[in-house]
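Here's the letter readout for the chains.
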Amino acid sequence: RGMAAAALLLLLLVAGPGPRRAGAGRERRDALREELLLSPLPTGDVAATFQFRTRWDADLQQGAVSHYRLFPKALGRLVAALGVRELHLALTQGFWRTRFWGQPPLQAPAGAELWVWFQPTVTDVDKAWKELSNILSGIFCASLNFIDSTNTVTPTASFKPLGLANGTDHHLLRYAVLPREVVCTENLTPWKKLLPCGSKAGLAVLLKAERLFHSSYHSQAVHIRPVCRDASCLAVSWELRQTLTVVFDVFSSGQGKKDWSLFKMFSRTLTDACPLASQSKVYVDISPKNKEKELLEVTPPPTSVHEAVVQGDKKTYAVYDLLSPSLFNTSRSLNVQLKWKRPQDSSEMPIPVLHAQRYVGGYGLQTGEICTLIYNTHPYRAFPVILLETVPWYLRLYVHTLTIITKGKENKPSYIHYQPAQDRRRPHLLEMLIQLPANSVTKITIQFERALLKWTEYPPDPNHGFYVGSSVLSALVPSVIAMKDVDMEQSPLFTSLFPSSDGSSYFVRLYTEPLLVNLPTPDFSMPYNVICLTCTVVAVCYGSFYNLLTRTFHVEEPSRGGLAKRLANVIRKFRGVPPL
Amino acid sequence: MAAPLVLVVLAAVTVRAALFRSSLAAFIAERVEVVSPLSAWKRVVEGLALLDLGVSPYSGAIFHETPLIIYLFHFLIEYAELVFMITDVLTAVALYLAVQDFNKVVFKKQKLLIELDKYAPDVAELIQTPMDMHYIPLKVALFYLLNPYTVMSCVAKSTCAINNSVIAFFILATIKGSAFLSAVFLALATYQSLYPLTLFAPALLYLLQRQFIPIKLKSKSFWLYTMQYASLYLCSLVVIICLSFFLLNSWDFIPSVYGFILSVPDLTPNIGLFWYFFAEMFEHFSLFFVCVFQINVFFYTIPLAIKLKEHPVFFMFVQIAIISIFKSYPTVGDVALYMAFLPVWSHLYRFLRNIFILSCVLIFCSFLFPVLWHLWIYAGSANSNFYYAITLTFNIGQILLISDYFYAFLRREYYLTHGLHLTRQDGTEAMLVLK
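In the annotation of an unreviewed UniProt entry, chain B is listed under the name PIGU protein and assigned to Sapayoa aenigma. Recorded in UniProt for chain B, the comment headed Subcellular location (unreviewed entry) runs: "Endoplasmic reticulum membrane".

Identification of chain A as PIGT transamidase from Sapayoa aenigma is taken from an unreviewed UniProt entry.

Given below as structure tokens:
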């Protein structure tokens, strides 16, 4: 009997792990890859980009999926219930200085940005959008419920789907940005909770709020999109990427010294990989700048060195594979340290091919001008860029004042889509396709008029100003070196977020600065006084006209005496003066 | 009479041309006292630019002009300055001819009443003579063309000038006695800015008077004529609105133009009373007060019609003034229109009580408007209350001016029928009071 029991136990043990590897059975396969990219920036700062990618071979749209393993249930249910095809939510604090830091791997505008493609089966997209923003507001503890028709637009050219797409009817796309939104610890915590290992194992142990928010730029994002399950693309898998980019400032976090280490940045070190992850790697960008020998030294020595063409440039990465057994042989924790061999010349900062800035011109509270400068620093290649501007309705844009000047001459855009704003209902949407000649600066200016709002429509601090969300520049920038096609499964995550159409250019999405614009304010202490005074003026007119219309002229009859007159006569009699 | 008019026109055109070429033109074109969201030239250009981009001008909240203006300026945009100067000249000429005709009518009526012994014996000094009235039309044209308000409106290319021109032609057609043209121009004026609807009553009264139809509610001829005039007016209005539909193939212009005028969503400061009132209004009462303020423009018509049924042209003057003061987006161009009529009532000067103070108030307020605007918007050392105060003062000044003229008019009528030197029952000099 003991033998039978032992045989049964053995059978169960063998059969136990079986169903999980079956794949096409009752459960679906899901896989987690986590990755950290450390890139030193030309100014001495360091950027750390975390990416956690969960791929799930299930079709969330059809069939009730009830067993969630790595894919978070909150987001899975959301996608299934509201007919979401793609979702991109980013919460950002700070601004990525493209001019000094180089092209960002993935940029997001300051505040909260949400753009969603819905499935063609969704009939009322606006209703689904409203529900979605409210549910996400609850999941991420962010005030996304302020997203309504006054800050939502439907771009036609800028936000093409990043995942699989059958057709692109842009009426299924919604884009909203809340520039006033602040990101803090209470947004980080629910974001971390969505990770399969939470913040207890793997790369996520580095995500501690007290260090992450003491930085120049902090951006956390969630991207959900459908991808091909394999090369034949017969079935669809769902991909969830959670990315977090943080830039540590050399002066405030680095105490003025350019030597960085994981402990210095995050006050933690890595101890192990997430047990649920199929891949867990740390990449450090050790590309030589200006074709010199490596100035940057990393310790401990990396597991391997990876070379790739990223954003048009050949780059070298030192790779630390947390799943390889040799990594934690010598020490229990991994603290990657970056040291510079000799002081770097700060005069030779490489300028990114495409960068932009935006500012408000003019003076006074009546009119103003939005100026955008776009720089194309490529020496001989011209390329087009799509500019998307969303301006709130209370800054009334005048599109006949739109001027685009390149190298002193007018530059007519080849495509303009302009949707004027409606008061209190929808914002302005301006999308243009502009050709940028090689080595040029393009200045785009448009004038606006500032509206006077009702006193209840001002925020609690009205003289702080109103935020205008960042404008979006999408371009296919020509690359110096031809790029090979990227295999989604094999290459690092930071190379596979944007689909590349051909090897000669790479896709870049840049955001400009948000603007802060003052509006004229009424006096908030005066509602009752104003109502009384204005009604008094109307009453003066009414009273005068009433008198003139209802009364007629009469010869004045001598009044026999009012009380005052009689009293005056009495006093006069006493004085001896003749009466009135 | 033509030569002085031509001189006045030449002087006016010269002044306007000089200002168009100077740097003041851009400054004047963005003054909020001169342009409003309904009449700004910048918005007309914006609407035409939107049309060029393939977007309906009425899909946004910038353009609130009628399709007629789109049609007009689609072809004439190059000659805009010329168009506005010609419009001003046409308005002045129309007012000149109208007042000339009106003077003849007044004189004839006066003669009739004297012969019928309706006047008291000692009112010789109150009777208007042709010598007095000879220069009035020229003064009216002068008052309109050289009024700084009109000049600024023209230099700013405010479409208020076009509205004024249509109203002037309506007045000319009414005084000449042509019911058809009067109805057409009134329909056009209503189509342009909605409020001239109230001028239907004075026009009807004048035409009835001209046809010698007595104004009795039981009279059949009265109702017949009223129906004729009303149907002419309504048919012209319907035709014009349908033509506008066919221009852009949509009814979008109705909420954009008339819905905008009536619901006042844009709170851009102007010389009127609406903007600050609705900027500070409690949200709960907003609809109620919008209705109250709009009714306020229309509801003086019937009482004035009852009181002034014998004097429809004065009624028209008072009605135009009420529209200019209480419309939702007034500008100085509207004020200039009724001020052009003041020389017609110059014989009332001796009965005006407060004319000096009121004219001082109006002149000072006109100078203070740009100063306080600059202090609020550009210097930041004043706030919106300063500009609002000047708005209140200016409007009170206008209201008291109109009621002063109304008082003087009624007083003169009383003296005409009862005699200038009034005595009481005991023979002493009498005072006249309104009771």
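Enquirer: What am I meant to see in the layout of surface pockets here?
Expert: Residues and elements named next belong to chain B. Of the pockets and cavities examined, the second largest pocket occupies roughly 1500 Å³. Only helix H5 (80-115), helix H11 (200-210), helix H16 (301-307), helix H17 (312-326) and helix H20 (384-418) provide two or more residues apiece to the lining of the second largest pocket. For the lining of the second largest pocket, the element with the most residues is H5, which contributes 11 residues. Its residues assigned to classes, the lining of the second largest pocket comprises 28 nonpolar, 9 polar and 12 charged.

Enquirer: Would you mind going over the packing of helix H19 (residues 355-379) of chain B against H20 of chain B with me for this structure?
Expert: Helix packing for two helices is described by the angle between their axes and how far apart those axes are. Residue and element names in this part refer to chain B. Look at H19 against H20: their axes get within 9 Å of each other, and the N-to-C directions meet at 160°. Classified by the angle between their axes, H19 and H20 sit roughly antiparallel to one another. Seen along the crossing, H19 lies across H20 with a hand that is left-handed. Here the contact of H19 with H20 is composed, by residue class, of 17 nonpolar, 6 polar and 1 charged.

Enquirer: I would appreciate a short explanation of the interface of chain B and chain A in the present structure.
Expert: The extent of an interface is frequently quoted as the accessible surface area lost upon association of the parts. Chain B puts 69 residues into the contact, and the matching count from chain A is 54 residues. With both sides pooled, the region where chain B packs onto chain A buries about 5900 Å², and carbon together with sulfur makes up 68% of that total. Together, Lys42, Glu280 and Leu434 of chain B form the three largest contributors to the area buried by chain B at its contact with chain A, with a combined 11%. Where chain B meets chain A, there are 2 salt bridges. A salt bridge links Glu449 of chain A to Arg43 of chain B; the shortest N-O distance between them is 3.3 Å. Our count for the contact surface shared by chain B and chain A stands at 22 residue pairs in polar contact (both at pLDDT 80 or more). Elements represented by at least two residues in the side of chain B that touches chain A include exactly helix H3 (41-53), helix H14 (274-279), helix H15 (286-298), H16, H17, H19, H20 and strand S1 (432-434) of chain B. Considering every element that reaches the side of chain B that touches chain A, the biggest residue donor is H20 of chain B, with 15 residues.

Enquirer: Please explain unusual backbone geometry as it appears in this structure.
Expert: With glycine set apart, most residues show a phi of negative sign, and most peptide bonds adopt trans. With an omega of -5°, the peptide bond running from Thr299 of chain A to Pro300 of chain A counts as cis. Mapped onto the fold, Pro300 of chain A is located in the loop between strand S11 (296-299) and strand S12 (304-310).

Enquirer: Quick question: what am I supposed to make of the packing of aromatic side chains here?
Expert: Any aromatic ring pair is given by two values, namely how distant the centres are and how the planes are angled relative to each other. For the structure on display, the rule yields 67 aromatic pairs over all chains. Both rings, one in Phe288 of chain B and one in Phe289 of chain B, keep their centres 5.1 Å apart while their planes meet at 75°; by these two values the pair is edge-to-face. Using a relative accessible area of 15% as the deciding quantity, one classes Phe289 of chain B as buried. Over the face of the ring belonging to Phe100 of chain A we find Arg99 of chain A, whose NZ or CZ atom lies 5.5 Å from the ring centre. A cation sits over an aromatic face here: Lys264 of chain A above Trp260 of chain A, 5.3 Å from the ring centre.

Enquirer: I'm lost on the confidence of the model for chain B in this one. Help?
Expert: For any part of a model where pLDDT is low, the fine detail of the predicted coordinates should not be relied upon. Mean pLDDT over chain B: 93, with 98% of residues reaching 70 or higher. Two summary scores accompany this predicted model of the complex, namely pTM at 0.90 and ipTM at 0.93.

Enquirer: What's the story with the nonpolar core in this structure? I'm lost.
Expert: Considering soluble globular proteins, one finds that nonpolar side chains tend to be buried as a cluster. Core analysis: the largest hydrophobic core is formed by 220 residues, its most contacted members being Leu354 and Phe545 of chain A together with Tyr229, Leu304, Phe317 and Trp345 of chain B. Examining the composition of this core, we find that 17 residues originate from one element, H20 of chain B, more than from any other. Residue assignment places this core across two domains, with domain 2 (354-484 + 498-517) and domain 3 (523-549) of chain A each supplying three or more.

Enquirer: I would appreciate a short explanation of the UniProt feature "transmembrane region" (unreviewed entry) in chain B in the present structure.
Expert: Residue and element names in this part refer to chain B. Here, UniProt's "transmembrane region" (unreviewed entry) annotation points to residues 68-99, 166-187, 193-209, 230-251, 257-278, 285-306, 351-373 and 385-407. Secondary structure across residues 285-306 comprises 86% helix and 0% strand; the distance between its end C-alpha atoms is 33 Å. Secondary structure content for residues 351-373 is 83% helix and 0% strand, while the C-alpha to C-alpha distance between its ends is 36 Å.

Enquirer: How should helix H13 (residues 253-263) of chain B be read in this particular structure?
Expert: Because an α-helix completes one turn every 3.6 residues, residues spaced three or four positions apart along the sequence face the same direction. Residue and element names in this part refer to chain B. Listed in full, the buried residues belonging to H13 are Phe253, Ser256, Val257, Tyr258, Phe260 and Ile261. In a view along the axis of H13, the buried residues occupy a sector of 160°, so they form one face of it. On its buried face, H13 sits against helix H4 (67-76), helix H10 (179-193), helix H12 (220-248) and H15. One or two positions beyond H13, positive phi appears at Val264, with a value near 50°.

Enquirer: Just checking my understanding: could you explain the state of the cysteines for this structure?
Expert: Note: disulfide means a covalent bond formed between the sulfur atoms of two cysteine side chains. Counted according to the given criterion, the structure contains 2 disulfides over all chains. Across the disulfide, Cys228 of chain A is cross-linked to Cys233 of chain A (sulfur-sulfur distance 1.7 Å). Because the torsion about its S-S bond is -60°, the bridge between Cys228 of chain A and Cys233 of chain A counts as left-handed. Ordinal numbering of bonded cysteines along chain A defines a disulfide pattern of 1-4, 2-3. Cys184 of chain A supplies the cysteine sulfur nearest to Cys141 of chain A, a cysteine that is in no disulfide, at a spacing of 9.0 Å. There is no disulfide at Cys235 of chain B, and the cysteine sulfur nearest it, in Cys242 of chain B, is 11 Å away.

Enquirer: What is the right way to look at the side chain of Glu431 of chain A in this model?
Expert: All names here are of chain A. Within the secondary structure, Glu431 is located in strand S21 (residues 428-436). Notably, Glu431 is buried but unbridged: the nearest opposite-charge side chain belongs to Lys160, and the N-O separation is 7.4 Å. Separated by 2.9 Å, the side chain of Glu431 and the backbone nitrogen of Ser158 make a polar contact. Setting aside residues up to four positions removed in sequence, Glu431 forms contacts with Pro155, Thr156, Ala157, Ser158, Ile386, Leu387, Leu388, Tyr415, Ile416 and His417.

Enquirer: When you look at the sheet that holds strand S16 (residues 367-376) of chain A in this model, what are you seeing that I'm missing?
Expert: Whenever strands of a sheet pair, they do so through backbone hydrogen bonds, lying parallel or antiparallel. The sheet built from 5 strands is open, its strands ordered S15-S16-S22-S18-S19 (chain A) with antiparallel pairing. At either end of the open sheet lies a strand with only one pairing partner, and these are strand S15 (354-361) and strand S19 (409-410) of chain A.

Enquirer: Help me out: how do you make sense of the sheet that holds strand S1 (residues 30-40) of chain A in this one?
Expert: All names here are of chain A. Spatially, 11 strands are ordered S5-S6-S4-S3-S7-S8-S2-S1-S10-S13-S12 in an open sheet, and the strand pairing comes out mixed. Each end of this open sheet is capped by a strand with a single partner; those strands are strand S5 (152-153) and S12. Examined bridge by bridge, strand S4 (residues 111-118) and strand S6 (residues 173-178) share 6 bridges and lie antiparallel to one another. Within S6, the position partnered with Glu113 by the bridge is Val177. Across the sheet, helix H3 (residues 73-82) lies against strand S3 (84-94), S4, strand S7 (217-228) and strand S8 (236-248), angled at about 130° from S3, the strand it touches most. Where helix H5 (residues 125-140) meets the sheet, its contacts fall on S3, S4, S5, S6 and S7, and the angle it forms with S4 comes to roughly 135°.

Enquirer: Is there a simple way to explain the pairing of S3 of chain A in this structure?
Expert: Along any regular strand the residues' side chains alternate between the sheet's two faces. Residues and elements named next belong to chain A. Burial of S3 is extensive: 9 of the 11 residues sit out of reach of the surface. Here S3 pairs with S4 via 8 bridges, running antiparallel. Bridge assignment links Val84 to a residue of S4, and that residue is Phe118.

Enquirer: Whenever I open this one, the packing of helix H1 (residues 2-21) of chain B against helix H8 (residues 148-155) of chain B confuses me. Can you help?
Expert: Residue and element names in this part refer to chain B. Here H1 crosses H8 at 45°, and the two axes come no closer than 10 Å. Between H1 and H8, the angle is such that the two are oblique. For the crossing formed where H1 meets H8, the hand is right-handed. Of H8, the residues touching H1 (which contributes Val15, Arg16, Leu19 and Phe20) are Thr150, Val151, Cys154 and Val155.

Enquirer: How should I be thinking about the pattern of salt bridges in this particular structure?
Expert: A side chain of one charge can pair with a side chain of the opposite charge when the charged atoms of the two come close. Summed over the entire model, instances satisfying the criterion amount to 23 salt bridges over all chains. The closest approach of N and O atoms between Glu239 of chain A and Arg225 of chain A, which form a salt bridge, is 2.7 Å. With Glu239 of chain A in strand S8 and Arg225 of chain A in strand S7, the pair connects residues that are 14 residues apart, well separated along the chain. A single burial state applies to Glu239 of chain A and to Arg225 of chain A, both of which are buried. As a salt-bridge pair, Asp101 of chain B and Lys176 of chain B come within 3.4 Å of each other at their nearest N and O atoms. Of this pair, Asp101 of chain B sits in helix H5 while Lys176 of chain B sits in helix H9 (residues 160-176); the two residues are 75 residues apart in sequence, bridging distant segments of the chain. The class of Asp101 of chain B is buried, set by a relative accessible area of 15%.

Calculation rules
- Residues numbered from 1 in each chain as written.
- Chains lettered and ligands numbered in written order.
- Predicted model: local features only at pLDDT ≥ 70, side-chain atom pairs only at ≥ 80, totals over all residues.
- Heavy atoms only, no water.
- UniProt positions renumbered as here; feature names shortened; annotations may be inferred.
- 1 Å grid on protein atoms, 1.4 Å probe; cavity = no way out; pocket = protein on both sides within 12 Å on 5 of 7 lines; lining within 4 Å.
- Points joined across faces, edges and corners; volume = space filled by probe spheres on them.
- Helix = DSSP H or I, 4+ residues; strand = E, 2+ residues; numbered from the N terminus.
- Nonpolar A, V, L, I, M, F, W, Y, C, P; charged D, E, K, R; others polar.
- Axes fitted to C-alpha atoms, helices over the stretch in contact; angles between N-to-C directions.
- Parallel < 35°, antiparallel > 145°, perpendicular 65-115°, else oblique.
- Left-handed = near helix turned anticlockwise from the far one by under 90°.
- Contact = heavy atoms within 4.5 Å.
- Buried area = accessible area lost by both parts, 1.4 Å probe.
- Salt bridge = Lys/Arg side-chain N within 4 Å of Asp/Glu carboxyl O.
- Polar contact = N/O pair within 3.5 Å; in protein donor to acceptor, adjacent residues only side chain to side chain.
- Phe/Tyr/Trp six-rings, centres within 6.5 Å; stacked < 30°, edge-to-face > 60°.
- Buried < 20%, exposed > 50% of the residue type's maximum accessible area, 1.4 Å probe, protein only.
- Lys NZ or Arg CZ within 6 Å of the ring centre and 35° of its normal.
- pLDDT = per-residue confidence, 0-100.
- Core = buried A, V, L, I, M, F, W, Y, C linked by side-chain atoms within 4.5 Å.
- Domains from an automatic or database assignment.
- Arc of directions from axis to C-beta.
- Disulfide = S-S within 2.5 Å.
- Lys, Arg positive; Asp, Glu negative; His and termini not counted.
- Pairing = 2+ DSSP bridges.

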